[in-house]
Amino acid sequence: MNRTVCLWLTVGWLGYLVLPWYAIEYGFWAFDWPFEGYPLDGESAPAVFQVAVSGKTWLAPLGAALLAPLLVVGRPKNDPLFGTVLLLAGGGGLAYLVVQAFAIGLRGWDFAFLEAAFGPLESRQFGLGYGALLVSCALLFFLTQGIAARGAIKGDVFVVGSIGLIIALVAAFVFFPVLNILTSALHDKDGAFSALAFADRFVDQKIWGLKCLTGPYSCGVAWNSLILALLTGLSTTVLGLAFALIATRTGFRFKRSLRVLTVLPIITPPFVIGLAVILLLGRSGAVTQFLDFAFGIPATRWIYGLPGIWFAQTLAFAPIAFLVMIGVVEGVSPSMEEAALTLRADAWKTFTTVSLPLMRPGLANAFLLGFIESLADFGNPLVLGGRFGVLSTEIFFSIVGSQYDQGRAAVLAMVLLTFTLGAFYAQRRWVGRKSYATVTGKGDSGLHAPLPRLVTGAAYGLALPWAALTLVIYAMIMVGGFVETWGRDHSLTLRHYIEAFSITTSEHGLIWSGAAWNSFWTTITIATIAAPLTASIGLLTAYLLVRQHFAGRDAFEFGTMLSFAIPGTVIGISYILAFNVPPLELTGTGVILVICFVFRNMPVGVRAGIAAMSQLDQSLDEASLTLGANTFATVRRVILPLLRPAIVAALVFSFVRAMTAISAVIFLVSANYDMATSYIIGRVENGDYGLAIAYSSTLILVMLLAITLVQLAVGQRRIRRRGTTAAGAVAGQGVAR
């Protein structure tokens, strides 16, 4: 008996015979359906009862697809019939399930030609539920097992199943919703197909204008976005490298504090950083007024436009580069540096010809993430942009402004995707196909070479002033919650915290009476569910991209980056358009928020995993497989323990992004699932800045605690290397024992 086939047969029949086929009215987490007419009730009935009682005969062929694998459950994998039957049952059943789900909706047939061919339907169909989910999974894995049995990727069921799972998820929750909104680029304002409307929108001078050659702030938004993204990608990568070198290759005494400080910007709602920058460097800012008073430097509006956005984005996104770079810098083998020193290379030569080239995957991935983050960011340009328009803000105003032109927003999103694809291609070409493996199965107790004095001085010169500036900005943010009106009345008060997080007692116990508690607990719950899912899918994708060779790998990699490249505003609107009607009715639920966060943030786990896994010699995998372990055991017991920096990066980033996301969340929250950022924006719109800052400060502290817990839970990568406690010496402190 093939245990894997038996497992998925059990899952499939559980979904078909026991669980509700359609979505429950009160949401994914509603479990009162067994007590309300189940299994004969039309809304909660399993598929078999939908066929027998409710007349939904179109679900009957799915039962046949689940019966077919019984024919081969006792056959060996090398039997040709085994692969053929699973391939036909899984592929055919899955294709039929998708077709019938889209063909029949709330009003019967969804397409006029089907109604003309088969006549009107008396029954209708709702969104898919638990039962359909399990049957879909079973059919998908029958398909992948059949493909593996036919010899794909050496017949490795785990690898083929993982590829199939990720392709299915990306197709359902990235490509499908994005295509929904991008196709609107080919429609005019009346909804009719029009290639001319697309051409008119695409050649708009507001997108491609070059008047900036004769005056400032007059470039098209496409060129503005490209210039800003290049500057941000470069500055964040340099800063991330500087912080990583200080944290891992110097004797700096306050490394722990520096690590905490570098992640502060990514655990802060973006508009809070923008407001802090304005209050610090704006026309009436504290620094601006001091310079005017002390040195007679007149106050200007220089912070609004390219300089201000670049400054804010560098502050916000440099920690992402640091999280990617620290694992790469830690992974550079000391023995290679020692070999260079033995061959009479000096510290500078060793760093530039050995250490830095081995960091190339991290540098490329850090730049790519900074570039994409800059393109997709709309919070900082919205606050600090002034007359400097960018693609993300134009998309936002095209959708939520008075014009409400989805077609124009889709064209702008296509331009943004073109830039992202170009950056992706350039990154692949720069990294090339060279090997960067430095962590092998051999002993490596070498001593890291000392950094050149120039590199050490540059790292300190860049990182420490930036860290000091970050401290000043966050001091202003923390103080803002304890004053009456930030920037005007600085009288101390606890009123904002009491209003947001007060707790009262009654005869029934504690009452969470504060206005912010509902959104706070919802945000914590959603982020806690989304973070491990994001990290798992991201790192699994990275493993497939680095360790496996299969047709279409480049397209597979770009598909996983697609959701990260599109502004959150577009993602939010596309999810509403795609998931507001069958077959996937998810709007207004907590599930749509989890899905949005998982696939929006997954690329960070992918890039961090690729950067870290590129340094692991493939002989480690081969040794494990030679000793009889299968691929799943090799990943679990060999690869994952060596990927702890990447795991921390993926978990931390996905958790804090779920806590602080704004653009997509605005469109996806509901009365039952209100998120912290949407609540804070509501306070800002009402002019209640004190409560907004108090709430943001609380979120910062909660996320710092969460990051500490993640670090303790995951632990540190154990690579046996020597260290030294000699003052001023650089001794491989980047990798903890």
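Computed from a predicted model, the values in this text were never measured in an experiment.

Next up on the list: the overall build of the chain. When its secondary structure is counted, the chain shows 32 helices and six strands. Relative to the compact-globule value of 27 Å for 737 residues, the chain shows a C-alpha radius of gyration of 28 Å, a close match. Out of the 737 residues belonging to the chain, those deemed buried represent 55%. Taking the contacts inside the chain whose residues are at least 6 apart along the sequence as the reference set, 74% of them involve residues at least 24 apart. Taking the average place of the 47 positive charges on the side chains of the chain and the average place of its 37 negative ones, the gap between the two points comes to 15 Å.

Okay, the nonpolar core next. Ranked by size, the top nonpolar core spans 179 residues in total, and within it Met359, Ile473, Tyr575 and Tyr695 carry the most contacts. In terms of residue count, the dominant contributor to this core is helix 26 (residues 590-613) (17 residues). Setting aside chain neighbours within four positions, we find Tyr695 in contact with Phe501, Ala516, Ser519, Phe520, Ala676, Tyr679 and Ile680. By size, the runner-up hydrophobic cluster in this structure holds 32 residues, among which are Trp8, Trp58, Val135 and Phe142.

A few words now on empty space enclosed by the protein. Evaluated as defined, the whole model comprises five cavities of 30 Å³ or more. By volume, the second largest cavity amounts to about 70 Å³. In terms of lining, the second largest cavity is formed by Phe243, Leu261, Thr262, Pro265, Leu315, Ala318, Pro319, Trp466, Ala467 and Thr470. Looking at the lining of the second largest cavity, the elements with two or more residues in it are helix 11 (255-263), helix 14 (306-331) and helix 21 (453-480). Here the lining of the second largest cavity is composed, by residue class, of eight nonpolar, two polar and no charged.

This part covers the side chain of Asp377. On the secondary structure map, Asp377 appears in the loop between helix 17 (360-376) and helix 18 (379-384). Among buried Asp, Glu, Lys and Arg side chains, Asp377 stands out as unpaired, with Arg657 the closest opposite charge at 7.2 Å. Of the polar contacts made by the side chain of Asp377, one reaches the side chain of Gln313; its length is 3.1 Å. Not counting the four nearest positions on each side in its chain, Asp377 is found in contact with Gln313, Phe317 and Ser392.

To continue, consider helix 16 (residues 347-358). With twelve residues, helix 16 extends 15 Å between its outermost C-alpha atoms, agreeing within 8% with the 16 Å of an ideal straight helix rising 1.5 Å per residue. For helix 16, the set of buried residues is Thr350, Phe351, Val354, Ser355 and Leu358. Down the axis of helix 16, the smallest arc covering the buried residues is 125°, so these residues share one side. Where the residues of helix 16 are buried, they touch helix 10 (221-249), helix 14, helix 15 (334-342), helix 17 and helix 21.

This part is about the confidence of the model for the chain. On average, residues of the chain carry a pLDDT of 83, and 92% of them reach 70 or more. Across the chain, helix 6 (residues 130-149) holds the top mean pLDDT of 96, while helix 12 (residues 270-281) sits lowest at 76. The model gives residues 723-737 a pLDDT under 50, and that stretch makes 34 contacts with residues more than four places away or in other chains.

Our next topic: the packing of aromatic side chains. With the rule as written, the count across this model stands at 35 aromatic pairs. Where Trp512 meets Trp517, the ring centres are 4.6 Å apart and the plane angle is 70°; that geometry is what we call edge-to-face. For Trp512, a relative accessible area of 44% translates into the label partly exposed. What links up through ring pairs into an aromatic cluster is the set Phe501, Trp512, Trp517, Phe520, Trp521, Tyr679 and Tyr695. A cation sits over an aromatic face here: Arg301 above Tyr304, 4.5 Å from the ring centre.

A few words on the environment of Phe31. Looking at where Phe31 falls in the secondary structure, it is placed in the loop between helix 1 (3-17) and helix 2 (47-52). A residue is classified by how much of its surface remains accessible, and Phe31, at 52% relative accessible area, is exposed. The spatial distance from the C-alpha of Phe31 to the C-alpha of Ile153 is 41 Å, given a sequence separation of 122 residues.

Turning our eyes to something else, we now look at the packing of helix 10 against helix 14. Where helix 10 meets helix 14, the axes come as close as 6 Å, and the angle between the chain directions of the two elements is 45°. Regarding the angle of helix 10 to helix 14, the classification is oblique. Helix 14 is crossed by helix 10, and the crossing has right-handed handedness.

Where helix 17 meets helix 26, the closest approach of the two axes is 9 Å, and the angle between their N-to-C directions is 165°. Of the possible angle classes, the one that applies to helix 17 and helix 26 is roughly antiparallel. Crossing geometry of helix 17 relative to helix 26 is assigned as left-handed. Between helix 17 and helix 26, the residues in contact are Pro361, Gly362, Asn365, Leu368, Leu369 and Ala376 and Arg600, Val604, Arg607, Ile610 and Ala611, respectively. Per-class residue counts for the contact of helix 17 with helix 26 are seven nonpolar, two polar and two charged.

Inspection of the entire model under this criterion finds eight salt bridges. Across the salt bridge formed by Glu394 and Lys206, the nearest N and O atoms sit 3.7 Å from each other. With Glu394 in helix 19 (residues 391-400) and Lys206 in helix 9 (residues 205-208), this residue pair connects regions lying 188 residues apart in the sequence. A relative accessible area of 47% places Lys206 in the partly exposed class.

Now for unusual backbone geometry. When glycine is set aside, most residues are seen to have a negative phi, and most peptide bonds are trans. Residue Pro582 is joined to Pro583 through a cis peptide bond whose omega torsion reads 15°. Positionally, Pro583 belongs in the loop between helix 25 (568-579) and helix 26. At Lys154, a position not held by glycine, the phi torsion is positive, near 60°. On the accessibility criterion, Lys154 (85% relative accessible area) is exposed. In this model, Arg344 sits at a positive phi of 70°, which is unusual for a non-glycine residue. Secondary-structure assignment places Arg344 in the loop between helix 15 and helix 16. Residue classification places Arg344 among the exposed residues on the basis of a relative accessible area of 80%.

We now examine the state of the cysteines. Note: disulfide means a covalent bond formed between the sulfur atoms of two cysteine side chains. Per the counting criterion, the structure on display carries zero disulfides. Note on Cys137: no disulfide assigned, nearest cysteine sulfur contributed by Cys6 at a separation of 18 Å. A relative accessible area of 25% means that Cys137 is categorised as partly exposed.

Thresholds, definitions, all that
- Residues numbered from 1 in each chain as written.
- Predicted model: local features only at pLDDT ≥ 70, side-chain atom pairs only at ≥ 80, totals over all residues.
- Heavy atoms only, no water.
- Helix = DSSP H or I, 4+ residues; strand = E, 2+ residues; numbered from the N terminus.
- Rg over C-alpha atoms; globule rule 2.2 N^0.38 Å.
- Buried < 20%, exposed > 50% of the residue type's maximum accessible area, 1.4 Å probe, protein only.
- Contact = heavy atoms within 4.5 Å.
- Lys, Arg positive; Asp, Glu negative; His and termini not counted.
- Charge placed at Lys NZ, Arg CZ, Asp CG, Glu CD.
- Core = buried A, V, L, I, M, F, W, Y, C linked by side-chain atoms within 4.5 Å.
- 1 Å grid on protein atoms, 1.4 Å probe; cavity = no way out; pocket = protein on both sides within 12 Å on 5 of 7 lines; lining within 4 Å.
- Points joined across faces, edges and corners; volume = space filled by probe spheres on them.
- Nonpolar A, V, L, I, M, F, W, Y, C, P; charged D, E, K, R; others polar.
- Salt bridge = Lys/Arg side-chain N within 4 Å of Asp/Glu carboxyl O.
- Polar contact = N/O pair within 3.5 Å; in protein donor to acceptor, adjacent residues only side chain to side chain.
- Expected span 1.5 Å × (residues − 1).
- Arc of directions from axis to C-beta.
- pLDDT = per-residue confidence, 0-100.
- Phe/Tyr/Trp six-rings, centres within 6.5 Å; stacked < 30°, edge-to-face > 60°.
- Lys NZ or Arg CZ within 6 Å of the ring centre and 35° of its normal.
- Axes fitted to C-alpha atoms, helices over the stretch in contact; angles between N-to-C directions.
- Parallel < 35°, antiparallel > 145°, perpendicular 65-115°, else oblique.
- Left-handed = near helix turned anticlockwise from the far one by under 90°.
- Disulfide = S-S within 2.5 Å.

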